[in-house]
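Given next are the chains, with one letter for each unit.
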Amino acid sequence: MRIGEVVKAIGLKGELKLYPLIDFRPELLDSAYLSWADGSRADIVRHRPAGACEAITVAGVADRNAADAMVGRELGFASRDYLAPDFPRPAGGLPFRWVGRDVRTVAGEAVGRVSEVRLAGASYLLVVPDPRRAGQEILIPAVAPILAPEDELEGTLVIDPPEGLLDVQHG
């Protein structure tokens, strides 16, 4: 799962600017579970806030040339590691775990499958292509009591939508 992308080199000593993606949490930078998109281990030596981004220092990247070569690389973790007992899961979990899962109402009505998750203010929206209207989306707030709290990677998501939520058209 991707948590960030290196967007530029900072200064002369190899520091990198990491653009955070939706599953980014600063505490992940202190974990042993990080890897680059090619599967190689990512060893973050230091990190600090840098505006809306994070400035990171990576082991083995000690100068501007090495940092420039890192631009465009994606940082993340293997989804299977998310369930490890010592993985730094934040309260409420990470949104990647909802993508690709089927959604049903508490009454058993099939809603569709989550195609993406969007950040909306301080909460998330599950995006489900509307099977009844081509090109339209159903946006489901991923908050209790609409979505029951859970921290799994598989299975059907069960929602208790307020009246009319599934009839609102977006697209």
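Residues numbered from 1 in each chain as written. Predicted model: local features only at pLDDT ≥ 70, side-chain atom pairs only at ≥ 80, totals over all residues. Heavy atoms only, no water.

What follows concerns the nonpolar core. Across soluble globular proteins, nonpolar side chains show a tendency to be buried alongside one another. Core analysis: the largest hydrophobic core is formed by 25 residues, its most contacted members being I3, L29, L75, F77 and F87. Contributing elements (two or more residues each) for this core: β1 (2-10), β2 (15-20), β3 (34-36), β5 (53-58), α1 (64-70) and β6 (74-77). Residue contributions to this core peak at three residues, all from β1. Apart from residues lying up to four places away in sequence, I3 is in contact with Y19, P20, L21, D23, F24, L28, L29, L34, L75, G76 and F77. Membership of the second largest hydrophobic core comes to 17 residues, among which are V114, V117, V128 and L157. (Core = buried A, V, L, I, M, F, W, Y, C linked by side-chain atoms within 4.5 Å. Buried < 20%, exposed > 50% of the residue type's maximum accessible area, 1.4 Å probe, protein only. Helix = DSSP H or I, 4+ residues; strand = E, 2+ residues; numbered from the N terminus. Contact = heavy atoms within 4.5 Å.)

Geometry of an aromatic ring pair is reported as the spacing of the ring centres plus the angle between the planes. Here the structure, examined in full by the defined rule, presents six aromatic pairs. Judged by centre distance (4.9 Å) and plane angle (55 degrees), the rings of F77 and F87 are tilted. Placement of F77 in strand β6 and of F87 in the loop between β6 and β7 (102-105) is noted, with a sequence separation of 10 residues between them. The residues F77 and F87 share a single accessibility class, namely buried. Judged by centre distance (5.6 Å) and plane angle (75 degrees), the ring pair of F77 and F96 falls under edge-to-face. Highlighted residues: F77 in strand β6 and F96 in the loop between β6 and β7, separated in sequence by 19 residues. The pair formed by F77 and F96 is uniform in burial state, with each residue classed as buried. One aromatic cluster is present, formed by Y33, F77, Y82, F87 and F96 through successive ring pairs. Its guanidinium or amino end placed over the ring of Y82, R89 lies 5.5 Å from that ring's centre, counting from NZ or CZ. (Phe/Tyr/Trp six-rings, centres within 6.5 Å; stacked < 30°, edge-to-face > 60°. Lys NZ or Arg CZ within 6 Å of the ring centre and 35° of its normal.)

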